[in-house]
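Summary of structural features
Here's the letter readout for the chains.
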Amino acid sequence: PALRVASPSYFSEQQVQAVLKEIHCPTLCVMADNGYIANRAEMKERLTCVEDMQSTVVSGDHHVHMDTPELVARALNPFLKSAHQQAGTQQPAIYP
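I will try to describe carefully the structure that is included in this document. (Residues numbered from 1 in each chain as written. Predicted model: local features only at pLDDT ≥ 70, side-chain atom pairs only at ≥ 80, totals over all residues. Heavy atoms only, no water.)

1. A closer look at the overall build of the protein
- When helices and strands are counted, the protein shows four helices and two strands.
- Scanning the protein from its N terminus toward the C terminus, one meets helices and strands in the order α-β-α-β-α-α.
- Looking at the protein residue by residue over its 96 residues, the buried ones come to 22%.
- A separation of at least 24 residues holds for 64% of the contacts in the protein among residues at least 6 apart in sequence.
- By element, 56% of the accessible surface of the protein is carried by carbon and sulfur atoms, the whole surface being about 7200 Å². (Helix = DSSP H or I, 4+ residues; strand = E, 2+ residues; numbered from the N terminus. Buried < 20%, exposed > 50% of the residue type's maximum accessible area, 1.4 Å probe, protein only. Contact = heavy atoms within 4.5 Å. Areas by Shrake-Rupley, 256 points an atom, 1.4 Å probe, with all protein chains shown as cover.)

In structure tokens:
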């Protein structure tokens, strides 16, 4: 029930983009094709705010990370492997 309560305050689009522009590390955005954000008009512009952003869309809804974690893991593993290679560290697989 608490998840259905509206937030008492929201960021403006300008504030959201300002926060995103302060992210300075490799970033992966995994979106569900039937989720809340994948088809929002402002998402394309938001994704360009992060300097080292990769994005991918997987089949699912807002809870894809809980309903089908293997889809999310398949998206995450190559990203994490690449990030660890760039940093020169070992990366354990999240999901084989």
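From this point, the discussion proceeds with the structure in view.
2. A short note on helix H1 (residues 13-20)
- Taken together, the buried positions of H1 are Val16, Gln17 and Leu20. Along the long axis of H1, the arc covered by the buried residues comes to 95°, so they all point the same way.
- In this structure, the buried residues of H1 make contact with helix H2 (43-49). (Arc of directions from axis to C-beta.)

3. Considerations on the environment of Asp33
- Turning to its location among the elements, Asp33 is positioned in the loop between strand E1 (27-32) and H2.
- C-alpha separation for the pair Asp33 and Val57, spaced 24 residues apart in sequence, amounts to 5.9 Å.
- Once you skip the residues sitting within four places of it in the chain, Asp33 turns out to touch Ala38, Asn39, Val57, Val58, Ser59 and Gly60.
- Here Gly60 takes part through its backbone nitrogen, which lies 2.9 Å from a polar atom of the side chain of Asp33. (Polar contact = N/O pair within 3.5 Å; in protein donor to acceptor, adjacent residues only side chain to side chain.)

4. A closer look at the environment of Ala75
- Mapped onto the elements of the fold, Ala75 is located in helix H4 (residues 69-87).
- What makes Ala75 buried here is its relative accessible area of 16%.
- Setting aside residues up to four positions removed in sequence, Ala75 forms contacts with Leu28, Val30 and Thr56.

5. Details of the pattern of salt bridges
- Following the criterion strictly, the structure yields three salt bridges and no others.
- Between Glu13 and Arg46 there is a salt bridge whose closest N-O contact spans 2.6 Å. Here Arg46 lies in helix H2 and Glu13 lies in helix H1, a separation of 33 residues in the sequence.
- Among the residues examined, Arg46 registers a relative accessible area of 15% and is labelled buried.
- Glu42 is the salt-bridge partner of Arg46, the closest N and O atoms lying 3.9 Å from each other. (Salt bridge = Lys/Arg side-chain N within 4 Å of Asp/Glu carboxyl O.)

6. Here we look at the side chain of Gln17
- On the secondary structure map, Gln17 appears in helix H1.
- Accessibility expressed as a relative area gives 12% for Gln17, which makes it buried.
- Excluding residues that lie within four positions of it along the chain, Gln17 makes contacts with Glu45 and Cys49.

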